[in-house]
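# Summary of structural features
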Amino acid sequence: SSLGAGNGGTLSIDAETLTIQDGAGILTSTFDAQTFDPSLILFPPNLLPAATDALDGADATTTQGDSGAITVTAREAITVSRDGFIATVAGGAASGGALTIRAPVVTVENATIRSSATDTGNAGALTIEDVQQITVDGGLIAAETLAGGTGQGGDIRLSTDRLQVSNGCEVSSS
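Residues numbered from 1 in each chain as written. Predicted model: local features only at pLDDT ≥ 70, side-chain atom pairs only at ≥ 80, totals over all residues. Heavy atoms only, no water.

## Quick notes on the overall build of the chain
- When helices and strands are tallied, the chain shows one helix and 12 strands.
- For the chain, the α and β elements follow one another from N to C terminus as β-β-β-α-β-β-β-β-β-β-β-β-β.
- With 174 residues in all, the chain has 47% of them scored as buried.
- Across the chain, contacts joining residues at least 24 apart in sequence account for 80% of those joining residues at least 6 apart. (Helix = DSSP H or I, 4+ residues; strand = E, 2+ residues; numbered from the N terminus. Buried < 20%, exposed > 50% of the residue type's maximum accessible area, 1.4 Å probe, protein only. Contact = heavy atoms within 4.5 Å.)

Next comes the structure, spelled out in C-alpha cells:
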C-alpha cells in the first residue's frame, strides 16, 4: 500500500489451494490520506478501524502512484468466502492495479474480488483465467470506479468452461 506519490507494490501468490475467509483479504492500494474513506471500498466492519487508523498522521498529499498488481495462482482451487476479499484499490489520480486469478476452480461466496478506483484514476483490469469452473454465490466480482469517481471501470475477462452465478451476485465493470 502507498499513501501519497508512490506506487503500491506487486503481490504474487502461488499455492496448491488458497482459502480466504472471515474478513481476511489480499490487498494492494494507494490513496490520498486526506480524502480517502475506507468504508467506501470493501473493508469488512472488523477491519475498518485499522484501515482508518492507518490514515491518522499520514501526509495529506495528492495520490499519484498506482495501486500494485495482484496475481494469485493455485494448482487446485481458490475460495474466497464469508466477507473475504482480493482487491486492488486506488484513490486520487492513481489507477487500480491489474488483478489476475488462475486456478482450475474459483469460488466466491458472500465475498469480493475487486479492482477499483475512487476518484479520477481508472480501475485496473480483472482477469480470471485457466478455470474450469467459476462459482459466484452472493458475491461480487467488479472492476469499477466507485460512486463519485470520474475514472473508467476496468475490463473484466472471465475465461472458464462453466460460470455459475446465484443469490444476488454481481459481475460488474463500471
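## Observations regarding the environment of Thr 100
- Turning to its location among the elements, Thr 100 is positioned in strand 6 (residues 99–102).
- Sequence separation between Thr 100 and Leu 126 is 26 residues, and the spatial gap between their C-alpha atoms is 5.9 Å.

## With respect to the pattern of salt bridges
- In total, this model carries seven salt bridges according to the counting rule given.
- Here the salt bridges share partners, and the residues they tie into one network are Arg 102, Glu 129, Asp 130 and Arg 157. (Salt bridge = Lys/Arg side-chain N within 4 Å of Asp/Glu carboxyl O.)

## Considering the side chain of Ser 115
- Secondary-structure assignment places Ser 115 in strand 8 (residues 112–117).
- Assessed through its relative accessible area of 0%, Ser 115 is described here as buried.
- Separated by 3.2 Å, the side chain of Ser 115 and the backbone oxygen of Gly 97 make a polar contact.
- Among residues more than four places away in sequence, those in contact with Ser 115 are Thr 88, Gly 96, Gly 97, Ala 123, Gly 124, Ala 125, Leu 126, Ala 142, Ala 143 and Glu 144. (Polar contact = N/O pair within 3.5 Å; in protein donor to acceptor, adjacent residues only side chain to side chain.)

## Description of unusual backbone geometry
- A positive phi is found at Asp 22, a non-glycine position, where the angle reads about 55 degrees.
- Relative to the assigned elements, Asp 22 resides in the loop between strand 2 (11–20) and strand 3 (25–31).
- In this model, Asp 130 sits at a positive phi of 60 degrees, which is unusual for a non-glycine residue.
- Assignment of secondary structure puts Asp 130 in strand 9 (residues 126–137).

## A short note on a nonpolar patch on the surface
- Together, Leu 163, Val 165 and Val 171 give the surface a local cluster of nonpolar side chains, amounting to about 240 Å² of exposed area.
- Take Val 171: it is sitting in strand 12 (residues 170–173). (Patch = residues over 30% accessible without salt bridge, like charges linked within 9 Å, V, L, I, M, F, W, Y side chains within 5 Å. Areas by Shrake-Rupley, 256 points an atom, 1.4 Å probe, with all protein chains shown as cover.)

## Points about the nonpolar core
- Counting 24 residues, the largest nonpolar core has Ile 78, Ile 86, Ile 101, Val 106, Ile 113 and Ile 128 as the members making the most contacts within it.
- If you list the elements that add at least two residues to this core, you get strand 2, strand 4 (70–81), strand 6, strand 7 (105–109), strand 9 and strand 10 (140–145).
- Excluding residues that lie within four positions of it along the chain, Ile 86 makes contacts with Ile 20, Ile 26, Ile 70, Val 80, Leu 99, Ile 101, Thr 112, Ile 113 and Arg 114. (Core = buried A, V, L, I, M, F, W, Y, C linked by side-chain atoms within 4.5 Å.)

## Observations concerning the pairing of strand 10
- Among the six residues of strand 10, six are classified as buried, and the element is accordingly described as predominantly covered.
- Looking at chain direction, strand 8 and strand 10 are connected through six bridges and run parallel. The partner of Ser 115 across the bridge, within strand 10, is Ala 143.
- Here strand 10 pairs with strand 12 via four bridges, running parallel. Opposite Leu 140, over in strand 12, you have Glu 170 as the bridge partner. (Pairing = 2+ DSSP bridges.)

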